[in-house]
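Chain by chain, the residues run as shown.
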Amino acid sequence: MSAQLENQFYELYLEFFNRAEAERRWNLQKDIPWQSCNSAVTDDIALIVESFMAVELYLPDYTSKILHLVRKSRGRAWFQANWGYEESKHSMALEQWLLQSGKRSLKEVNEFTEQVLSKEWNMPFETPRQMMIYTTFQELSTGLNYKNLRRRAIEQNDSALATALSFIARDESAHYQFFQDGVKLYMKEDRDGTLEDVRTVLAGFRMPAHDLIPDWEHRGQAIVGQKLFSDRIFFKEIMRPILSVLGTSRHELEELGKTNPDCLQPSVS
């Protein structure tokens, strides 16, 4: 990458970091009303919270492998370190709710965590640009999952879970914004090459770690059943808006003659 592009990534990270410090930091113990956990929340919601926690548990793999990929880029590497810190809070908040609500015992959480971490996540794409494109779609999808789950928490009168999910979704939105703006920088430097990478990513898109998590088929059915995420939601609320923001479309990608958006695999698969 050019020195100019590297400088732009670092400026993007500084903007992200300064805004996070000024507006977005939250305290796991002080800012969530854990005493308001509702033990009557449905088992489906508890299963989904556990499932999202499981995805977050692969944080050591996400962070270390992507950091190694971008270690020479201060803007992207520093962001990845900060991303890891914020994602660790998400995992701990979801775990804390499972325990405080009584939906899982400490023994059950520990055994599940050990089972999840017995497998290892690997990057789905090889280059920094492809991984930034991938995480753009992934972070917007994750944020939408949390926002939709928050609505269910409100409906079931659990202000602790709703508050935690509000903080988490806000973080995910900030992460998405960084990745989106990063892809825009790539587009300015090499539009054709970046569009080819967008095509490649969409043709093989899957949300992280689902193939590794125990009983994911049942968990995915619960997510669809609660109308948190689906193929249709992915196409309508994730893919189309991102392509529009990037100044492209499914039609332009199809014109490349190398992609079929109908075969995409969103996170519920």
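Since this is a predicted model, take the numbers as computed values, not measurements.

1. What to know about the nonpolar core
Among the nonpolar cores identified, the biggest contains 83 residues, and W97, F137 and F234 are the most heavily contacted of them. No other element matches helix 7 (residues 159-189), which puts 16 residues into this core. Not counting the four nearest positions on each side in its chain, W97 is found in contact with W34, C37, V41, A46, V49, K103, D158 and L161.

2. Some thoughts on the packing of aromatic side chains
In the structure shown here, the tally under the stated rule is 19 aromatic pairs. Between the aromatic rings of F52 and Y146, the centroid separation amounts to 5.4 Å while the plane-to-plane angle is 80°, which identifies the pairing as edge-to-face. With F52 in helix 2 (residues 43-56) and Y146 in helix 6 (residues 128-155), this pair connects stretches of sequence that are 94 residues apart. Residue classification places F52 among the buried residues on the basis of a relative accessible area of 6%. Here Y146 falls in the buried class, since its relative accessible area comes to 2%. On the basis of an interplanar angle of 80° and a centroid distance of 5.1 Å, the ring pair of F79 and F179 is categorised as edge-to-face. Of this pair, F79 sits in helix 4 (residues 74-100) while F179 sits in helix 7, placing them 100 residues apart in sequence. Accessibility classification places F79 together with F179 in one group, the buried group.

3. Quick notes on helix 8 (residues 191-203)
One full turn of an α-helix is made of 3.6 residues, so residues set three or four places apart face in the same direction. A rise of 1.5 Å per residue sets the reference length of helix 8, with its 13 residues, at 18 Å; its end C-alpha atoms lie 18 Å apart and thus fit the reference within 8%. Among all positions of helix 8, only G193, T194, L195, D197, V198, R199, V201 and L202 are buried. Its buried side turned inward, helix 8 meets helix 6, helix 7, helix 10 (231-245) and helix 11 (250-255).

4. Thoughts on the environment of S166
Mapped onto the elements, S166 comes out in helix 7. With a relative accessible area of 33%, S166 lands in the partly exposed category. In sequence terms S166 and R232 are 66 residues apart; their C-alpha atoms lie 24 Å from each other.

5. Some thoughts on helix 4
The terminal C-alpha atoms of helix 4, which comprises 27 residues, lie 39 Å apart, in line with the 39 Å expected from a rise of 1.5 Å per residue. Residue G102 follows helix 4 closely and has a positive phi angle near 80°.

6. With respect to the side chain of R129
Turning to its location among the elements, R129 is positioned in helix 6. Dropping the residues within four chain positions of it, R129 is found in contact with Y186, D190, G193, T194 and D197.

7. A look at the confidence of the model for the chain
For the chain, the average pLDDT comes to 94, and 95% of its residues sit at 70 or higher. By mean pLDDT, helix 11 is the weakest element of the chain at 88, and helix 7 is the strongest at 98. Contacts for the low-pLDDT stretch residues 261-269, under 50 throughout, to residues beyond four places or in other chains number 33 contacts.

8. A word on unusual backbone geometry
Non-glycine residue D215 carries a positive phi angle of around 60°. The topology assignment puts D215 in the loop between helix 8 and helix 9 (216-225).

Here is what the cut-offs are and how they apply
Residues numbered from 1 in each chain as written. Predicted model: local features only at pLDDT ≥ 70, side-chain atom pairs only at ≥ 80, totals over all residues. Heavy atoms only, no water. Core = buried A, V, L, I, M, F, W, Y, C linked by side-chain atoms within 4.5 Å. Buried < 20%, exposed > 50% of the residue type's maximum accessible area, 1.4 Å probe, protein only. Helix = DSSP H or I, 4+ residues; strand = E, 2+ residues; numbered from the N terminus. Contact = heavy atoms within 4.5 Å. Phe/Tyr/Trp six-rings, centres within 6.5 Å; stacked < 30°, edge-to-face > 60°. Expected span 1.5 Å × (residues − 1). pLDDT = per-residue confidence, 0-100.

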